[in-house]
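Observations on the model geometry
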Amino acid sequence: MKNLKSMTDEALVELYAFGNNSAFDVLLNRYKKSIHSYIFYIVRNQELTEDIFQDTFLKVIMNIKQGRYTDNGKFKAWITRIAHNLIIDNYRLERNENTISNDEVEVDLLNDMRLCDTNIEEEMVQEQVYSDVKKLVRFLPENQREVIEMRYYRDMSFKEIADMTGVSINTALGRMRYAIMNMRRMADEHRVELSF
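To start, this report covers the structure provided alongside it. If you're wondering where the values come from, they're calculated on a predicted model, not measured in any experiment. (Residues numbered from 1 in each chain as written. Predicted model: local features only at pLDDT ≥ 70, side-chain atom pairs only at ≥ 80, totals over all residues. Heavy atoms only, no water.)

Focus: the overall build of the protein
When helices and strands are tallied, the protein shows nine helices and zero strands. Order of helices (α) and strands (β) in the protein, N terminus to C terminus: α-α-α-α-α-α-α-α-α. Taking the intrachain contacts of the protein between residues at least 6 apart in sequence as the baseline, contacts between residues at least 24 apart amount to 60%. In the structure as shown, the protein presents an accessible area of about 12,600 Å², 50% of it carried by carbon and sulfur atoms. (Helix = DSSP H or I, 4+ residues; strand = E, 2+ residues; numbered from the N terminus. Contact = heavy atoms within 4.5 Å. Areas by Shrake-Rupley, 256 points an atom, 1.4 Å probe, with all protein chains shown as cover.)

Structural data, given as structure tokens:
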């Protein structure tokens with residue numbers, strides 16, 4: 001582990017991509033404080049910060065495993081961008097509660113494909129990823145499976161999960177962390193490629 005701590009981000013990413021989970025732990029420890037602070041600085045809500053932080057590193061894991069990280073010497077900027085995009089997604093979700101109708105307008109700006117963030121290919125890839133993740137979730141211990149299902153399939157916050165399962169938020173976060181680690185291990189063992 002000592003030797004890993006002195007390695008560059010890019011070397012650690014490469015090691016992790018080839019199955020060295022300790023390399024990812026070093027990356028996580030290296031950036032968790034600054035990413036967590038960055039998210040909290042913007043959202044100003046501890047519970048939401050925890051949710052976005054967990055989602056950020058889940059996306060980091062999936063993207064590295066899929067080989068979608070390009071080595072350009074800007075790993076921290078890449079993680080920060082993922083966190084930023086998740087924050088934006090969260091605000092969009094909140095804003096969608098105030099829906100706007102554009103039925104009387106001739107130019108349909110809301111359905112213009114040139115303004116979309118994703119295309120059909122990306123959506124198909126994402127659907128396959130969700131399908132693969134669902135298969136892995138079935139093999140988790142019950143308490144970890146429960147947290148994953150509540151968080152990702154029922155869109156519950158960690159506070160809601162803690163309340164519903166009768167545990168502390170830290171325990172719910174811990175179960176999520178172990179679930180992600182177990183899924184990562186299973187994906188490695190079965191050569192399942194996951195990406196978001």
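Moving on, there is more to tell.
Looking at the packing of helix H3 (residues 21–43) against helix H4 (residues 46–66)
As a packed pair, H3 and H4 sit with axes 9 Å apart at the nearest point and diverge in direction by 140°. With respect to their mutual orientation, H3 and H4 come out oblique. Crossing of H3 over H4 shows right-handed handedness. Residues Phe24, Leu28, Lys32, Ile35, His36, Ile39, Phe40 and Val43 of H3 lie in contact with H4, whose contacting residues are Gln46, Leu48, Thr49, Glu50, Ile52, Phe53, Thr56, Phe57, Val60 and Ile61. Along the lines of polarity and charge, the residues of the contact of H3 with H4 split into twelve nonpolar, four polar and two charged. (Axes fitted to C-alpha atoms, helices over the stretch in contact; angles between N-to-C directions. Parallel < 35°, antiparallel > 145°, perpendicular 65-115°, else oblique. Left-handed = near helix turned anticlockwise from the far one by under 90°. Nonpolar A, V, L, I, M, F, W, Y, C, P; charged D, E, K, R; others polar.)

A short note on the packing of aromatic side chains
Inspection of every chain in the model, using the stated rule, returns seven aromatic pairs. Between Phe53 and Phe57 the ring centres are 5.1 Å apart and the planes differ by 55°, which places this aromatic pair in the tilted class. Note that Phe53 and Phe57 are positioned in helix H4 at a spacing of four residues, about one turn of the helix. Both residues of the pair, Phe53 and Phe57, belong to the buried class. Both rings, one in Tyr69 and one in Phe75, keep their centres 5.4 Å apart while their planes meet at 80°; by these two values the pair is edge-to-face. Taken individually, Tyr69 and Phe75 each receive the classification buried, so the pair is uniform in this respect. Positioned above the aromatic ring of Tyr16, the side-chain terminus of Lys65 is 4.3 Å from the ring centre. (Phe/Tyr/Trp six-rings, centres within 6.5 Å; stacked < 30°, edge-to-face > 60°. Buried < 20%, exposed > 50% of the residue type's maximum accessible area, 1.4 Å probe, protein only. Lys NZ or Arg CZ within 6 Å of the ring centre and 35° of its normal.)

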